[in-house]
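Each chain, letter by letter, is given below.
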Amino acid sequence: MGSTRYDMDARFDRARKEGYASKSASEIFTQNAKRRVHESMNPKGISFRESRDSSVHPNSVPIVLGLDVTGSMGHIPHELIKEGLPKLMGGIIQGGVPDPALLFLGIGDHECDGYPLQVGQFESGDEELDMWLTRTYIESGGGGNAGESYLLAWYFAAFHTRTDAFEKRNQKGLLFTVGDEPCLKTLPASAIRELMGMGQQTFKHTELLAEAQKRYEVFHISVLHSGQAVDADKGWKDLLGQNCLSTEDYRDVPKVIKDVVCSRFKDELSETKNLGDFNNIQMY
């Protein structure tokens, strides 16, 4: 995955032809009418999603984006397909990080929802990323259980992803969850088995966070569109400190992510390039 480039002109033309700017979410996200996960995004039986280097992207930067698709947050994927995704990818590339590989996750509530985890692939091309995003089922569920399953993003990243960035360069990827609720505190083994078809261990959310942090820098973006979201943000700041980021306008989510990615990787990639240039100097 991730062997194609993000082409802003091609994306603009396709968005115009598909009517992304004018169509409703139900017209774009066709799984909503079917009321079920797209088979390609069903996590059951997945061993790994991989972010690998290629001739097109020799220094792949893995980015996992876990989108809350419950009732109060389902408008964000719609905003991403309309305008946010090209702003995100274009901003990252123009900001000096040429090889981003983005993996979408759809996050719900494993205690209440039918499909609390949906999984795309690491991709770099505009067409592929649009495909995975629009395949997402916006279940619009959730429950009155004071939280959502953001810990599923940590579980999947920790145990079901492999990246050349980490394996070849000891370079952590970036993992973002976006939401307005607290994180549920426990992921039972029974829930993992139902989702993945395997799993013998129950995890606390802090355990899964620690596992994910071995290979990823983990962030949460709180969308502060309600008093309840503001309260939840306090708990996230206790959990993640400065890696809890907040915005009152959900349309700013792409910029928040872009700024983090560019600040983390631009200098590091420049140092890597300079080192490679130095090593290629012939001594006489």
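Just above, that's the structure.
Observations concerning the overall build of the chain
Stage number 1. Tallying secondary structure elements over the chain gives 11 helices and 10 strands in all.
Stage number 2. Taken over C-alpha atoms, the radius of gyration comes to 19 Å for the chain, in line with the 19 Å a tight globule of 284 residues would show.
Stage number 3. C-alpha atoms of the chain, sized along the principal axes, occupy 70 × 45 × 35 Å.
Stage number 4. Going through the 284 residues of the chain one by one, you find that 52% of them count as buried.
Stage number 5. Look at the contacts in the chain between residues 6 or more apart in sequence, and 80% of them connect residues 24 or more apart.
Stage number 6. Entry remark: accessible area of the chain is about 12,900 Å², with carbon and sulfur atoms responsible for 48%.
Stage number 7. Between the centroid of the 32 positive side chains of the chain and the centroid of its 41 negative side chains there is a distance of 2 Å.

Quick look at helix α9 (residues 205–212)
Counting along an α-helix, one turn takes 3.6 residues, and residues three or four places apart therefore face a common direction.
Stage number 1. Of the positions making up α9, those classed as buried are His 205, Leu 208, Leu 209 and Ala 212. Angular distribution of buried residues about the axis of α9 spans 105°; they occupy a single face of the element.
Stage number 2. Packed against the buried residues of α9 are α6 (151–160), β7 (186–187), β8 (203–204), β9 (216–223) and α10 (227–240).

Some words on the nonpolar core
Stage number 1. By size, the foremost hydrophobic cluster in this structure holds 41 residues, and its most contacted members are Leu 85, Leu 102, Phe 104, Phe 176, Val 178 and Val 261.
Stage number 2. At the level of elements, β2 (61–68), α4 (75–94), β3 (100–107), α5 (126–135), β6 (173–179), β9 and α11 (253–279) are the ones that each hand at least two residues to this core.
Stage number 3. With residues up to four places along the chain from it excluded, the contact list for Leu 102 reads Ile 63, Leu 65, Leu 85, Leu 88, Met 89, Gln 121, Phe 122, Glu 123 and Leu 129.
Stage number 4. In this structure, Leu 152, Ala 191, Met 196 and Phe 203 belong to the second largest nonpolar core, which totals 35 residues.

Let's talk about the pattern of salt bridges
Stage number 1. The full count for this structure, using the stated rule, is 18 salt bridges.
Stage number 2. For the salt bridge of Arg 52 with Asp 164, the shortest nitrogen-to-oxygen distance reads 2.8 Å. Linking Arg 52 in the loop between β1 (49–51) and β2 with Asp 164 in helix α7 (residues 164–169), this pair joins segments that are 112 residues apart in sequence.

Here's the deal with unusual backbone geometry
Stage number 1. Its identity as a non-glycine residue notwithstanding, Arg 35 has a phi of 60°, on the positive side.
Stage number 2. Relative to the assigned elements, Arg 35 resides in the loop between α3 (31–34) and β1.
Stage number 3. A relative accessible area of 60% means that Arg 35 is categorised as exposed.
Stage number 4. Even without being a glycine, Asn 170 presents a positive backbone phi close to 55°.
Stage number 5. Inspection of the secondary structure assignment puts Asn 170 in the loop between α7 and β6.

Quick look at the environment of His 205
Stage number 1. Note that His 205 resides in helix α9.
Stage number 2. With 168 residues separating them in the primary sequence, His 205 and Val 37 have C-alpha atoms 25 Å apart.
Stage number 3. Beyond its immediate chain neighbours, meaning those up to four positions away, His 205 contacts Leu 151, Trp 154, Cys 183, Leu 184, Lys 185 and Leu 239.

Observations concerning the environment of Val 64
Stage number 1. Structurally, Val 64 is set in strand β2.
Stage number 2. For Val 64, a relative accessible area of 1% corresponds to the buried category.

So, how was this worked out
Residues numbered from 1 in each chain as written. Predicted model: local features only at pLDDT ≥ 70, side-chain atom pairs only at ≥ 80, totals over all residues. Heavy atoms only, no water. Helix = DSSP H or I, 4+ residues; strand = E, 2+ residues; numbered from the N terminus. Rg over C-alpha atoms; globule rule 2.2 N^0.38 Å. Buried < 20%, exposed > 50% of the residue type's maximum accessible area, 1.4 Å probe, protein only. Contact = heavy atoms within 4.5 Å. Areas by Shrake-Rupley, 256 points an atom, 1.4 Å probe, with all protein chains shown as cover. Lys, Arg positive; Asp, Glu negative; His and termini not counted. Charge placed at Lys NZ, Arg CZ, Asp CG, Glu CD. Arc of directions from axis to C-beta. Core = buried A, V, L, I, M, F, W, Y, C linked by side-chain atoms within 4.5 Å. Salt bridge = Lys/Arg side-chain N within 4 Å of Asp/Glu carboxyl O.

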